[in-house]
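Now for the letters of each chain:
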Amino acid sequence: MEGISIIKNNVRLSRVEKKLTQEELAEKVGVTRQTIGLIEKEKYNPTIALVLKLIQVLDKPLEQLFWLEED
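These figures come from a predicted structure and were not determined experimentally.

### A closer look at the overall build of the protein
Inference 1: The helix and strand inventory of the protein stands at 5 helices and 2 strands.
Inference 2: Seen in sequence order, the protein has helices and strands lined up from the N terminus as β-α-α-α-α-α-β.
Inference 3: Taking 71 residues into account, the globule formula puts the C-alpha radius of gyration at 11 Å, and the protein, at 12 Å, falls close to it.
Inference 4: Judged by the C-alpha coordinates and their principal axes, the protein covers about 40 × 20 × 20 Å.
Inference 5: A buried classification covers 31% of the 71 residues belonging to the protein.
Inference 6: Sequence separation of at least 24 residues holds for 63% of the intrachain contacts in the protein that already meet a minimum separation of 6.
Inference 7: Accessible area for the protein stands at about 5100 Å²; split by element, carbon and sulfur atoms hold 53% of it.

Encoded structure:
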């Protein structure tokens, strides 16, 4: 039986490296601060469009920002 894949991320670390607040990042990608907080806590999986905006703003390749982990 296969395990469940969980999407993990480095959004918070990447945001802090860029010296951005959650609010600033949210404004740049067009979502609320709460959405960024939920992504960082891995309680919300962003859409592909939002992921593409995040990798652009945070200047990270996809595989450094998001990855699958088996549960």
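### Re helix 4 (residues 48-58)
Inference 1: The complete set of buried residues in helix 4 reads L50, V51, L54, I55 and L58. On an axial view of helix 4, the arc spanned by its buried residues comes to 135°, and they lie on one face. The exposed residues of helix 4 that point more than 90 degrees off its buried face are I48 and Q56.
Inference 2: Those residues of helix 4 hidden inside the fold are in contact with helix 1 (11-17), helix 2 (22-29), helix 3 (33-40), helix 5 (62-65) and strand 2 (66-70).
Inference 3: Downstream of helix 4 by one or two residues, D59 has phi in the positive range, about 55°.

### Concerning the nonpolar core
Inference 1: Within the largest apolar cluster, 14 residues are counted, with the highest numbers of intra-cluster contacts made by V11, L25, L54, L58, L65 and F66.
Inference 2: Of all the elements in the fold, those that place two or more residues in this core are helix 2, helix 3 and helix 4.
Inference 3: Looking at this core element by element, the count peaks at 5 residues for helix 4.
Inference 4: Excluding its chain neighbours within four sequence positions, the residues that come into contact with L58 are V11, S14, R15, K18, L20, L25 and L65.

### Considering helix 3
Inference 1: Along helix 3, the positions that sit buried rather than exposed are T35, I36, G37, I39 and E40.
Inference 2: The secondary structure elements touched by the buried residues of helix 3 are strand 1 (5-9), helix 1, helix 2, helix 4 and strand 2.
Inference 3: Directly after helix 3, the chain includes E42, whose backbone phi takes a positive value near 60°.

So, how was this worked out
Each residue is numbered by its place in its chain's sequence as written, counting from 1. Residues qualify for local features only when their pLDDT is at least 70, as the model is predicted, and side-chain atom pairs are given and counted only at 80 or more; totals for whole chains, interfaces and linings, by contrast, use all residues. Note that water and hydrogens are dropped before the side-chain values are worked out from all heavy atoms of the structure. Numbered from the N terminus, helices here are DSSP runs of H or I no shorter than four residues, and strands are runs of E no shorter than two. The size measure is the radius of gyration over C-alpha atoms, and the globule rule it meets is 2.2 Å times the number of residues to the 0.38 power. Relative accessibility decides the category of a residue: with a 1.4 Å probe and only protein chains considered, values under 20% of the type maximum give buried, values over 50% give exposed, and everything between is partly exposed. Whether two residues touch is decided by their heavy atoms; if any such pair falls within 4.5 Å, the residues are in contact. Using a 1.4 Å probe, the Shrake-Rupley method yields the accessible areas, and only the shown protein chains count as cover for residues. As used here, the arc is the angular range of directions from the helix axis to the C-beta atoms. Residue types Ala, Val, Leu, Ile, Met, Phe, Trp, Tyr and Cys, when buried and joined through side-chain atoms within 4.5 Å, form a set referred to as a nonpolar core.

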